[in-house]
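Examining the three-dimensional arrangement
Here are the chains, one letter per residue:
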2 protein chains.
Amino acid sequence: MTITYFLCKNFHQFASMSNDIIDPLSVDCVIFGFEDARLKVLLYKRSIEPAFGVWALPGGFIRYDENIAKASARVLEEVTGVKGLFMEQLGAFGEVDRFPGRRVITVVYYALVKPGQYNINLGPNASDADWFEVKKLPDTPFDHSKIITSALSRLRRQLKYKPIGFNLLPDKFPLLALQELYEAIFGVDFDKPNFRRKIMKMNLLIPLQEKQTGVAHRSARLYKFDKSRYDSLTEKGFIFEM
Amino acid sequence: MTITYFLCKNFHQFASMSNDIIDPLSVDCVIFGFEDARLKVLLYKRSIEPAFGVWALPGGFIRYDENIAKASARVLEEVTGVKGLFMEQLGAFGEVDRFPGRRVITVVYYALVKPGQYNINLGPNASDADWFEVKKLPDTPFDHSKIITSALSRLRRQLKYKPIGFNLLPDKFPLLALQELYEAIFGVDFDKPNFRRKIMKMNLLIPLQEKQTGVAHRSARLYKFDKSRYDSLTEKGFIFEM
DNA sequence: ATAAGTTATGGTCAATCTGACAATTATTTC
DNA sequence: GAAATAATTGTCAGATTGACCATAACTTAT
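The residue count restarts for each chain, going from 1 along the sequence in the order it is written. Working convention: letters from A go to chains and numbers from 1 go to ligands, in the order in which they are written. For a predicted model such as this one, the threshold for reporting local features is a pLDDT of at least 70, and the threshold for listing and counting side-chain atom pairs is 80 or more; totals across whole chains, interfaces and linings nevertheless cover every residue. The side-chain numbers reported here are obtained from all heavy atoms of the structure, hydrogens and water having been left aside.

1. Thoughts on the sheet that holds strand 10 (residues 221-225) of chain A
Pairing between the strands of a sheet comes from backbone hydrogen bonds, and it takes one of two forms, parallel or antiparallel. Residues and elements named next belong to chain A. Inclusion rule: For two strands to be treated as a pair, DSSP must find no fewer than two bridges joining them. A helix here means a DSSP run of H or I that spans at least four residues, while a strand means a run of E at least two residues long, and both kinds are numbered starting from the N terminus.
Strand order in this open sheet of three strands is 8-10-9, and the pairing throughout is antiparallel. Only two strands of the sheet have a single neighbouring strand rather than two, namely strand 8 (173-174) and strand 9 (205-211). Relative to strand 10, strand 8 runs antiparallel, the two being bridged by two bridges. Looking at strand 10, one finds that Pro174 is bridged to Leu222.

2. What about the protein's contact with DNA strand C?
How we decide: Note on terminology: near, applied to a residue and a molecule or strand, indicates that one of the residue's heavy atoms is within 4 Å of it. What qualifies as a polar contact is a pair of N or O atoms within 3.5 Å, subject to a donor-acceptor requirement within protein and to the restriction that residues adjacent in sequence count only when both atoms come from side chains. Just so you know the grouping, Ala, Val, Leu, Ile, Met, Phe, Trp, Tyr, Cys and Pro go in nonpolar, Asp, Glu, Lys and Arg go in charged, and all remaining residues, Gly too, go in polar.
Residues in close proximity to DNA strand C total 22 residues, the closest being Asn194, Arg197 and Arg218 of chain A together with Lys192 and Arg196 of chain B. When atoms of DNA strand C within 4 Å of the protein are sorted by moiety, sugar and phosphate together comprise 58%. Here a phosphate oxygen of DNA strand C sits 3.5 Å away from a polar atom, N or O, in the side chain of Lys201 of chain A. Between Lys211 of chain A and DNA strand C, the recorded distance is 3.5 Å, taken from a side-chain N or O atom to a phosphate oxygen. Residue assignment for the surface near DNA strand C shows that the elements contributing at least two residues are helix 5 (192-201) of chain A together with helix 5 (192-201) of chain B. Of the residues that constitute the surface near DNA strand C, the class distribution is seven nonpolar, four polar and 11 charged.

3. Thoughts on helix 5 of chain A
Because the α-helix completes a turn every 3.6 residues, residues three or four places apart line up on one side. The opening residue of helix 5 of chain A, the one whose side-chain oxygen lies 3.0 Å from the backbone nitrogen of Asn194 of chain A, is Asp191 of chain A. At the exit of helix 5 of chain A stands Asn203 of chain A, carrying a positive phi of roughly 60°.

4. Points about the domain arrangement of chain A
All names here are of chain A. Stated precisely, the cut-off is as follows: An automatic or database domain assignment is the source of the domain bounds shown. The contact criterion used throughout is that any non-hydrogen atoms of two residues lie within 4.5 Å. Here the quantity called buried area is the total loss of accessible area, with a 1.4 Å probe, experienced by two parts when brought into contact, counted for both. Within this document, salt bridges are pairs made up of a side-chain nitrogen of Lys or Arg and a carboxyl oxygen of Asp or Glu, the two lying within 4 Å of each other.
Annotation of chain A at the domain level lists domain 1 (2-147) and domain 2 (166-236). Listed by partner, the interface residues are 10 residues for domain 1 and 11 residues for domain 2. Contact between domain 1 and domain 2 buries roughly 900 Å² in total, counting both sides, with carbon and sulfur atoms accounting for 70%. Ranking the residues of domain 1 by area buried against domain 2 places Phe34, Leu39 and Lys114 at the top, with a combined share of 56%. A salt bridge links Asp171 to Lys114, with the nearest nitrogen and oxygen atoms 2.7 Å apart.

5. Re the sheet that holds strand 8 (residues 173-174) of chain B
Residue and element names in this part refer to chain B. With antiparallel pairing, three strands are arranged side by side in an open sheet as 8-10-9. In this open sheet, the two strands that pair with only one neighbour each are strand 8 and strand 9 (205-211). In this structure, strand 9 lies alongside strand 10 (residues 221-225), joined through four bridges in antiparallel fashion. Following the sheet pairing, Ile206 is matched in strand 10 by Lys224.

6. Here we look at the protein's contact with DNA strand D
Near DNA strand D, the surroundings consist of 20 residues, among which Lys192 and Arg196 of chain A together with Asn194, Arg197 and Arg218 of chain B are the closest. Backbone atoms, meaning sugar and phosphate, form 57% of the atoms of DNA strand D found within 4 Å of the protein. A distance of 2.7 Å separates a phosphate oxygen of DNA strand D from a polar atom in the side chain of Arg196 of chain A. Taking His217 of chain A, its side chain carries an N or O atom lying 3.2 Å from a sugar or linking oxygen of DNA strand D.

7. Observations concerning the pairing of strand 7 (residues 129-133) of chain A
Residues and elements named next belong to chain A. Going by this rule: In this scheme, a residue with accessible area under 20% of its type's maximum is buried, one over 50% is exposed, and one in between is partly exposed, where area comes from a 1.4 Å probe on protein chains only.
Most of strand 7 is tucked away, with four of its five residues classed as buried. Judged from the five bridges that link them, strand 2 (residues 38-45) and strand 7 form a sheet pairing that is antiparallel. Pairing of Lys40 across the sheet is with Glu133, part of strand 7.

Below, the structure written as structure tokens:
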């Protein structure tokens, strides 16, 4: 016991001077996207053992010189090629046997990506990343399936009281797109006029002059989310609720 | 880098066979209690360096043979003397410099304790633990103040859509106690008849024959939370909201 | 024993919100 | 120009909310 402790102390002293990773601690990212009116998750084909070649959550190790948020932002950028995405910590997962061979505890973040905001196809490993419908996920290794379920339930909860859904839509969108987003994530249908009324009453959408194009019916007006208005309303005590 | 990696691998192989801790990873607990109509946090006077003798969150290290939840439950039991308290993970805190000397990442849980459900005074270190009003906290070391703030905001959010407040009340309580709990945590006042109406409509409280005693006015009926009814209502799609 | 003080508990009412759904409008395609 | 498809506006009854009034019940002071 004493010996082990010293060993470990030495290990850290050595490691902290280099640019090395904190060994038993990893970060994983659950990256959500919204496409074809469906909620999707970005998975990555593992290029190392264990679970070589299996679709899994993108992850990596935390370095000694970065905090956890930065580590996950780095991993996220490595996969999507984009910085500054919406990101929030889900929590730490640390079952003793969650990872084979040695004890690894992972801190999970979930991220929201707008369509076109990522460019996974630009990397050298284009075929190694792909979107999967949340409802039709492939088998994932370790506890990743549990993690994704947990991330989805956190996303639903958040969506109820924060307007984070806009991070899954393009900057300009018709009202129906927003409605379909909520319908896909909550798994329920809303009445179109009622949904419109509720959203519009919040005064968080700026109507644009532009309209939808390329649709085979009356085109809808486009809107954009008014973040600055949201911030100022929130300060005054406004509470977003869906 | 390669050398370091091997060092660390060896370290883990050795350590995982012993009963040792995972060195750079700790757990901390934010333990909430409700007393005298005020929300309080249980702090512990540190008996080791750094920050020796300073009031801080009770914490400890995670062992190789226990998952994170168990580690925090153990720490919680060591402080309160009680098992099986309501507990939920808040997340991991990992700023590079959050702990002096070496890099320690901590996983934080928050717990809710009913009055009389703990017996901190029974331990050998009775004077080393005490309750502090959330609004009048002493100076705490490291990032503990930030952690408590974060725990409080999580508690508020949870309280909105889950009836976890009952974990802060005795098994039998008058309606006003429940109202004062919500008032203390949200920092707002509710109208008494309206609060009663809203709560009673949910059908989650079982009215008892017993009444309050020892009060200098009309005594109120006592109620208890009906957990089984909550579970079955929830299954049917009932959503608790305050 | 009675009055005063205090909280419990039950009700009312107008304003607002919600859910269901009818009706009309604007585009595109056939 | 008709048909098809959504967009958009409007209506209405029922439920919910917030403000507040009134009465009941119990304890303590006199």
